[in-house]
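Reading the structure
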Amino acid sequence: MSISKQEVVSRYLPEVLQPGTRAEAFAPSNIALCKYWGKRDVELNLPINSSLSISLGDLGSLTSITESEIGVDQVYLNDEALSADSRFAKKVLAFLELFRRELRQPVIVRTTNNIPTAAGLASSASGFAALTLAINDFYGLELSDNCLSAFARMGSGSASRSIYQGFVEWNKGSSVDGMDSCAQQLDYKWPGFRIGLLKVAIGEKKVDSRAGMQRTVESAALYGAWPQQAENDLVTIKRAIVDRDLQLLGQTAEHNALSMHATMIASWPPLLYWQPESVAAMHRVWELRESGVSIYLTMDAGPNLKLIYQQADESRIRDAFPELLDVDIVAPFD
Ligand code: DP6
């Protein structure tokens with residue numbers, strides 16, 4: 001039986017909470033180069049495999065918490081007041097509830113995402129990381145970085161990595177309470193390393209990552225091969241980062257993402273996040289690579305592509321995708 005989130009969090013809270021009047025925190029979005037797909041514990045969001053990502057610098061979420069004067073909690077997203085029973089508000093308030101215990105003082109939580117809407121990036125990673133950091137500050141919790149990452153993970157797995165900038169590894173951990181399942185910043189820099197966000201399709205996806213990975217674990221026989229591949233890929237990707245070997249990193253990350261998608265497709269009912277435009281763009285990437293440009297792709301649980309390359313090739317990449325307007329270049333280190 002899994003321990004509840006509340007039980008785990010309570011162990012780390014001070015006896016008396018001392019809320020301030022205002023706190024604000026920023027956390028970056030991140031793109032996994034070695035993906036997290038599958039949970040061994042749904043309550044605590046503990047992953048089956050470790051993962052590794054790159055954070056996107058100043059693209060992410062800014063979250064503030066202030067005292068509310070009107071006697072009820074209020075949640076704003078991108079300056080819009082949400083109704084208390086909207087999905088986003090419920091998720092934010094349920095998470096906050098884990099930390100404020102008997103303290104019933106109502107608060108206002110405001111989250112602003114500066115991720116371009118055209119980028120097709122999920123914001124739950126940066127959102128939960130920023131919320132965790134803001135809660136830590138607002139209630140004066142003084143939690144360690146490991147704890148902050150583990151608690152952000154309870155909101156959304158990938159949020160554990162958004163506590164940090166740069167290359168980040170989320171170790172799957174093994175303890176029952178999950179407190180060793182947290183991310184760590186890797187001490188590697190790679191100036192000139194680029195991520196391009198290539199939006200090819202719009203619209204809400206029908207099955208989110210949470211439901212998608214659960215379905216895959218429960219129904220895809222191919223999933224059996226995933227955990228070991230992910231562990232191997234993570235080691236290779238780390239080596240590629242140390243050596244600044246784009247070819248090794250790119251091919252391992254692309255293979256990792258497509259292997260994850262293969263497990264999704266092998267689920268029942270099938271999960272195919274790609275649109276025809278995604279497949280067309282994948283072919284364009286492969287053609288460009290065949291013409292000598294060192295470019296690789298990765299994809300999450302959605303139709304859009306993330307491109308991996310180096311600054312030296314940026315203009316050829318922009319030239320190659322003229323009608324695919326939204327190549328937003330993210331330069332994490334420069
Ligand atoms: C494909 O972190 O969004 O983007 O833990 O259920 O909130 P929950 O899932 P989430 O899943 C991310 C899946 C992924 C791969 C990755 O970012 O590692």
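Keep in mind it's a predicted model, so treat the numbers as computed, not measured. Here the residue numbering is sequential within each chain, running from 1 through the sequence in written order. The predicted origin of the model limits local features to residues at a pLDDT of at least 70 and limits the giving and counting of side-chain atom pairs to 80 or more, whereas totals for whole chains, interfaces and linings rest on all residues. The side-chain quantities take in all heavy atoms of the structure and omit both hydrogens and water.

This part takes up the state of the cysteines. Cysteine sulfur atoms that pair up within 2.5 Å are treated as a disulfide. All told, the structure shown has zero disulfides when counted by the stated rule. Free of any disulfide, Cys 182 has its nearest cysteine sulfur in Cys 147, 8.4 Å distant.

Turning next to the packing of helix H6 (residues 226–242) against helix H7 (residues 246–265). Interaxial angle, 0 to 180 degrees, is taken between N-to-C directions of lines fitted to C-alpha atoms, where a helix line uses only the stretch in contact. Only DSSP runs of H or I reaching four residues or more are called helices, and only runs of E reaching two or more are called strands; each is numbered from the N terminus. Running from N to C, H6 and H7 cross one another at 160 degrees; their axes reach a closest spacing of 9 Å. With respect to H7, the element H6 is oriented roughly antiparallel. Taken as a pair, H6 and H7 cross one another with a handedness that is left-handed. In this structure, H6 uses Trp 226, Gln 229, Ala 230, Asp 233, Thr 236, Ile 237, Arg 239, Ala 240 and Ile 241 to contact H7, whose residues at the interface are Leu 248, Leu 249, Thr 252, Ala 253, His 255, Asn 256, Ser 259, Met 260 and Thr 263. Partitioning the contact of H6 with H7 into residue classes produces nine nonpolar, seven polar and two charged. Under this scheme an angle from 65 to 115 degrees is roughly perpendicular, one under 35 degrees roughly parallel, and one over 145 degrees roughly antiparallel; angles in between are oblique. Two helices cross in a left-handed way if the nearer one is turned anticlockwise from the farther one by less than a right angle. They cross in a right-handed way if the turn is clockwise. Any two residues having at least one pair of non-hydrogen atoms within 4.5 Å are treated as being in contact. Charged residues are taken to be Asp, Glu, Lys and Arg, nonpolar residues to be Ala, Val, Leu, Ile, Met, Phe, Trp, Tyr, Cys and Pro, and polar residues to be all remaining types, Gly included.

This part covers the site of the ligand. Nearness here has a simple test: a residue counts as near a molecule or strand if at least one of its heavy atoms is within 4 Å of that partner. The full set close to the ligand counts 17 residues, and Tyr 36, Lys 39, Ser 156, Gly 157 and Ser 158 are the nearest of them. Polar contact criterion, stated in full: a pair of N or O atoms within 3.5 Å, where within protein one must be able to donate a hydrogen and the other to accept it, and residues adjacent in sequence count only if both atoms are side-chain atoms. Between an oxygen atom of the ligand and a main-chain N or O atom of Gly 157, the distance comes to 2.7 Å. Within the side chain of Ser 158, a nitrogen or oxygen atom sits 2.6 Å from an oxygen atom of the ligand. Taken by itself the ligand offers 460 Å² of open surface, and the protein chains cover 92% of this. Residue composition of the shell around the ligand, by class: six nonpolar, six polar and five charged. In this document the domain limits rely on a domain assignment from an automatic tool or a database. Here the shell around the ligand spans two domains, and each of domain 1 (18–185) and domain 2 (194–326) adds at least three residues to it. All accessible areas in this document rest on Shrake-Rupley with a 1.4 Å probe, and a residue is counted as covered only by the protein chains that are shown.

On to the sheet that holds strand S10 (residues 193–198). Pairs of strands are assigned from DSSP output, requiring at least two bridges between the strands. Ordered by their spatial adjacency, four strands build an open sheet running S11-S12-S10-S13, and the pairing between neighbours is antiparallel. At either end of the open sheet lies a strand with only one pairing partner, and these are strand S11 (296–298) and strand S13 (327–330). Pairwise comparison of adjacent strand axes, ignoring direction, gives a mean angle of 30 degrees for this sheet. Two elements, S10 and S13, share four bridges in a ladder whose sense is antiparallel. When the bridges of S13 are listed, Ile 195 appears paired with Val 330.

Moving on to the packing of aromatic side chains. Centres within 6.5 Å make a pair out of two Phe, Tyr or Trp rings, where for Trp the six-membered ring is used; the pair is then stacked when the planes are under 30 degrees apart, edge-to-face when over 60, and tilted otherwise. Under the definition given, this model contains nine aromatic pairs. The interplanar angle of 65 degrees and the centroid separation of 4.7 Å between the aromatic rings of Tyr 36 and Trp 170 together place this pair among those described as edge-to-face. You can see Tyr 36 sitting in the loop between strand S1 (22–34) and strand S2 (39–41) and its partner Trp 170 sitting in strand S8 (residues 167–170), a full 134 residues away along the chain. With a centroid separation of 5.7 Å and 70 degrees between ring planes, the pair formed by Phe 99 and Phe 151 is classed as edge-to-face. Linking Phe 99 in helix H2 (residues 87–100) with Phe 151 in helix H4 (residues 145–155), this pair joins segments that are 52 residues apart in sequence. Residues Phe 99 and Phe 151 agree in their burial class; the two are buried. Members of the aromatic cluster, joined through ring pairs, are Tyr 12, Phe 95, Phe 99, Phe 128 and Phe 151. Only protein chains enter the accessibility calculation, which uses a 1.4 Å probe; a residue whose area is less than 20% of its type maximum is buried, one above 50% is exposed, and one in between is partly exposed.

This paragraph deals with the domain arrangement of the protein chain. Segmentation of the protein chain into domains returns domain 1 (18–185) and domain 2 (194–326). Placing a centre on the C-alpha atoms of domain 1 and another on those of domain 2 gives a separation of 24 Å. Between domain 1 and domain 2, the residue contacts involve 30 residues of the former and 36 residues of the latter. Accessible-area loss on putting two parts together, using a 1.4 Å probe and summing over both, is the definition of buried area adopted here. The contact between domain 1 and domain 2 buries some 2,700 Å² in all, and 67% of this surface belongs to carbon and sulfur atoms. Among the residues of domain 1 in contact with domain 2, Leu 33, Lys 35 and Trp 37 are the three that bury the most area, contributing 33% of the side total. Should a side-chain nitrogen of Lys or Arg be within 4 Å of a carboxyl oxygen of Asp or Glu, the pair is scored as a salt bridge. Our count for the contact surface shared by domain 1 and domain 2 stands at four salt bridges. Here Lys 35 makes a salt bridge to Asp 300, at a shortest N to O gap of 2.6 Å. For the interface between domain 1 and domain 2, the tally reads eleven residue pairs in polar contact (both at pLDDT 80 or more).

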